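# A closer look at the structure
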Amino acid sequence: MKKQLLAVIALSVVSAGLMSQAIAQQSDPKAATGAPAAAAATEDIIYMRDGRVLHGQILAETSRGVTFEYTDRAIKVTTKLILKPEDIAEIMRDQPVADAPAASDADKPGEVTAVAGPAPKPGVKNEWKPTYGAARFETADATVPSVYIVPMRGQFGTDVRSEVYKPVIEDIRKNKPSRVIIRIDSADSFPPELMHPTGYDIPRTDPALERGMLEFENYRELIHMFRDELSDIPQMVWIKNSDGISATVAMAWDQMYMDPKARFGGMITVLEQSGANQWADKDVRAKMMAAWLGMAKSFLEKGGYSLELADAMLQPEKTLSGSWKGREVIWQLNKDGEYLVDDSEKRTVNFVAKTAEDLCISKGTAEELDDLALLLGYREYRVIDGRQDDVVLGYVADWRREFAKCRENLMNYEKYLSWANGDDTIAMLGKAKRCLEDVLASLMRYKAVEIRLGTDFGIDKVTLITYIEQLKEQLRALQQRNRGAAGGGRSGAGGGRAGSGGGQENPG
Amino acid sequence: MNRMQRIAVLTAALMLTTFASAGQVEVKLKDGSRWRGEINDTVQLQIQQQGVAVPMEGKVVKVEKDYIVVDGTYAGQAMKKTIFKTDIVTMKTTSAAATADATTPEASADASKPSVTTDIVAGKYDKNAVGVFVLPMKGMVGEGFRSDEIKRLAEHCDQYGPGQIIVLEIESGGGLGIEMEKIHLTIAEIRKRHRVVAWIKEAISAAAATASNCNEIYFYTTGTLGAMTGFAGGVSLQGEELQKWLTSAGNWMESGGRSRYIAEAMIDDEKLLSYDKDLATGEVTWHNDKSGAVVLSDEKTNLVFTATTATDSKFADGIADTPEQLAKLLNMPKWNEKDDYGRKISKEWLDLVDQAKEELPLLAARYQYKNAVDGGKVKVGTQIQIIKELIRWWDRCPNVCFLSGLPPKEDLQRQLEELKRALSRMN
């Protein structure tokens, strides 16, 4: 009984202190839905920043506080608390009610204890730890700043294309977030050490790697959609990894933040992929290089980065140093600045998170969204769960599934052609034709599939149509021959030497 | 009223409705819009012929599923012309046919309204306010990007009187030199009566030369312009050819009010370019050496402008990423496109180019294998059809035919004659 009294007193002290904050209460959401707290089979768990773990039911939430019906599981006493958002580390909602444990210190409000965090979900490693950054709210309260996270992940040119993001732009417009965060994770060079410490090493990259593509026209449209059409909404890129073409695109945003382990750079790939420096004629080479460099540099101009920095990031022969003028870095394409960034004439400039931040290229480094929110000046924020993941990641999964089917169909096409002998000729050619028809259908459905069929197999729409039509002709010829043979009374003849028609046009 | 009576009344009503609308016809046009009118209506049309919209005026005498017949004037000649619906670009009624039902007020009111085939009256465009005409110019110069559309748009603008603003929105990596000359002459002519503005997304090589002709140049922030080195077969122009190109490009640059040194630095990487800027007046002085305060092109660099270098040097007149921003730079109170004619003709042509690029190699391949199994007359008949189709492509899209290496039209016509002779011998 003494223990019970102590607990009640402690709670009273806490709640009295919090009540003095004059926090406006909202109606009880659970009561409104006909689910009284006392009868709930689940409970909400709130992890406080001071280490307390409170079990009970959330009655109401506003930007200024959470009204919480706390239940002391040991003594079965419930008390209403109003908790300030900044004191809350995490909220776990609708957790199954576990058997009430014996009264433990961990569960006592007002007492700081070591906390293990929320019970892990089955199969999920419990990585919860108290953080001291901004707090993410799960609320629709419009007074809480909101962020809309746009994934740009994978191969630029296929996974990341402007047309894929059109519905996302509409969704952003609809949701009106306080800020758009574009999460870029696209690395051309793998393994990562190819970039460090000696810079991007093109000859060592895996040629089979899915490197970003030189689709500048499409990327211009992508940038235009976000930066110009949504110019009224603050935006930033948050780099998880970005080397290669994606880095060029990323620099079209003037607000950049990086993950602590992020790699950034590798823009040598622009000249390397364009083939501009491969032209034998000196004048033509100069023209092509100037054109490609100009196009790439224009993205950095959009982000407000200096053309000297752009040159050093794009051209290996350029060295780079910088000098500070207040908070601004003045870049020089030589080694004369206060800070030498790149003294090599064989590699382009690349950055890790720390150097990017030190040299004012990135505005800050954040590993978690809470950290990033704090850097952006949000003590509390909410994440808008829009359509972006469904649209973007769904599209990526879909086209890649189609492309995998295409690979299989092309292999089967070759197989069926090689089996098109003797009595099976017509059947096998028919199957080969159907394989190509399926590939053609996939190509028509997804631009990304069309691009990758071109780069990986050298096949385009016209080639596919031609092969299919040729197979049709061949099948017709065989069928006519068979009909002729049957009409003449010699069943089973013909077709045997039709060969593996179309073999010379084999696209594989 | 019993059920039978109600049905009889309903049937009569339906019959009356049908009678009232008898003679009304509808034509779906190339752009998906529809013309509605009646047989004997006098109409004005534009018909797509060889990639160019040709006007015609006359009476509609027949409307069938795929075509209409108009009795009127075509290319200065009186004729009854059969026109495929898919070739009709615009069509509007200039005077309605006299109808038996003209006493019905609603019917006569409807008939007097000109039919609409563009978006002008949809409220999107205001032809009376200060405005612009936009022509998106994309693709390879000489293929998707050509002088014909500029000329057509200018002729369209002429209807609104002189002094119209034509915005060429350029996004091209360059192309054929021969088309550059045509574009130069076209723009030079149009500038005598209209204001021609280039809005740059990407203008490399021949596209840069196009922009250099314009009265004003504006950049998107991501815009680039330059690299005008001429080359053929991977080898740059040299000697007399190079000099000729330097002279022409310099003249064009000067005709747009810009220094010829700029053109030279864009053509020859060894040509130098720098400038000084008067801090008080902002006036820029160009130098064909490195003596200026800002060096844009050294001995190894072929000049390509980005938005900031172009505007700082006053090569460009400003940066605009949205129509509203461009409107301000053009001293317009707000962005207003007088109509969408330029956008439509651009799209039509680019779509046709895409179609040609797909169809031509297919037809060439089909010539070899299509109906080969049937042999004899069927095979030759198929080949005749394919050759005819290829000839039609020469009429509709000569640029792509030329660039895709299709035999000249005359050769195809000879081949067609030979095939026809061969076929007649088989009969």
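Residues numbered from 1 in each chain as written. Chains lettered and ligands numbered in written order. Predicted model: local features only at pLDDT ≥ 70, side-chain atom pairs only at ≥ 80, totals over all residues. Heavy atoms only, no water.

### Quick look at empty space enclosed by the protein
Residues and elements named next belong to chain B. On inspection of all chains with the given rule, the structure shows three cavities of 30 Å³ or more. Volume-wise, the largest cavity comes out at about 50 Å³. Lining the largest cavity, in full, are Leu135, Pro136, Met137, Lys138, Gly144, Phe145, Arg146, Glu149, Ser346, Trp349 and Leu350. Mapped onto the lining of the largest cavity, the elements with two or more residues apiece are strand 8 (132–138) and helix 10 (341–369). Here the lining of the largest cavity is composed, by residue class, of six nonpolar, two polar and three charged. (1 Å grid on protein atoms, 1.4 Å probe; cavity = no way out; pocket = protein on both sides within 12 Å on 5 of 7 lines; lining within 4 Å. Points joined across faces, edges and corners; volume = space filled by probe spheres on them. Helix = DSSP H or I, 4+ residues; strand = E, 2+ residues; numbered from the N terminus. Nonpolar A, V, L, I, M, F, W, Y, C, P; charged D, E, K, R; others polar.)

### Overview of the sheet that holds strand 15 (residues 284–287) of chain B
Residues and elements named next belong to chain B. The antiparallel open sheet is built from three strands, whose spatial order is 15-14-16. On the outer flanks of this sheet lie strand 15 and strand 16 (294–297), each paired with one strand and no other. In this sheet, adjacent strand axes meet at a mean angle of 25° when their direction is disregarded. With three bridges joining them, strand 14 (residues 273–277) and strand 16 adopt antiparallel strand pairing. Within strand 16, the position partnered with Tyr275 by the bridge is Val294. (Pairing = 2+ DSSP bridges. Axes fitted to C-alpha atoms, helices over the stretch in contact; angles between N-to-C directions.)

### A word on the pattern of salt bridges
Tallying each qualifying case throughout the model produces 50 salt bridges over all chains. Two residues, Arg263(A) and Asp243(A), come together in a salt bridge whose shortest N-O distance is 3.3 Å. Separated by 20 residues along the polypeptide, Arg263(A) in strand 11 (residues 263–265) and Asp243(A) in strand 9 (residues 235–243) bring together distant segments of the chain. Note that Arg366(B) is salt-bridged to Glu469(A), the shortest N-O span being 2.6 Å. Note that Arg366(B) is positioned in helix 10 and Glu469(A) in helix 14 (residues 461–487), a pairing that runs across two chains. (Salt bridge = Lys/Arg side-chain N within 4 Å of Asp/Glu carboxyl O.)

### Quick notes on the layout of surface pockets
The space that makes up the largest pocket amounts to roughly 1400 Å³. Forming the boundary of the largest pocket are 39 residues, of which Glu217(A), Lys447(A), Gly139(B), Asp354(B) and Lys357(B) lie nearest the centre. Listed by contribution, the elements that provide at least two residues to the lining of the largest pocket are helix 4 (216–228), helix 7 (282–302), helix 12 (425–445) and helix 13 (447–457) of chain A together with strand 9 (165–172), strand 10 (195–204) and helix 10 of chain B. Looking at which element gives the most residues to the lining of the largest pocket, the answer is helix 10 of chain B, with seven residues. Residue composition of the lining of the largest pocket, grouped by class: 13 nonpolar, six polar and 20 charged.

### Quick word on helix 10 of chain B
End to end, helix 10 of chain B covers 42 Å across 29 residues, agreeing with the expected 42 Å (1.5 Å per residue, within 8%). Phi turns positive one or two residues past the end of helix 10 of chain B, at Asn371(B), with a value near 60°. (Expected span 1.5 Å × (residues − 1).)

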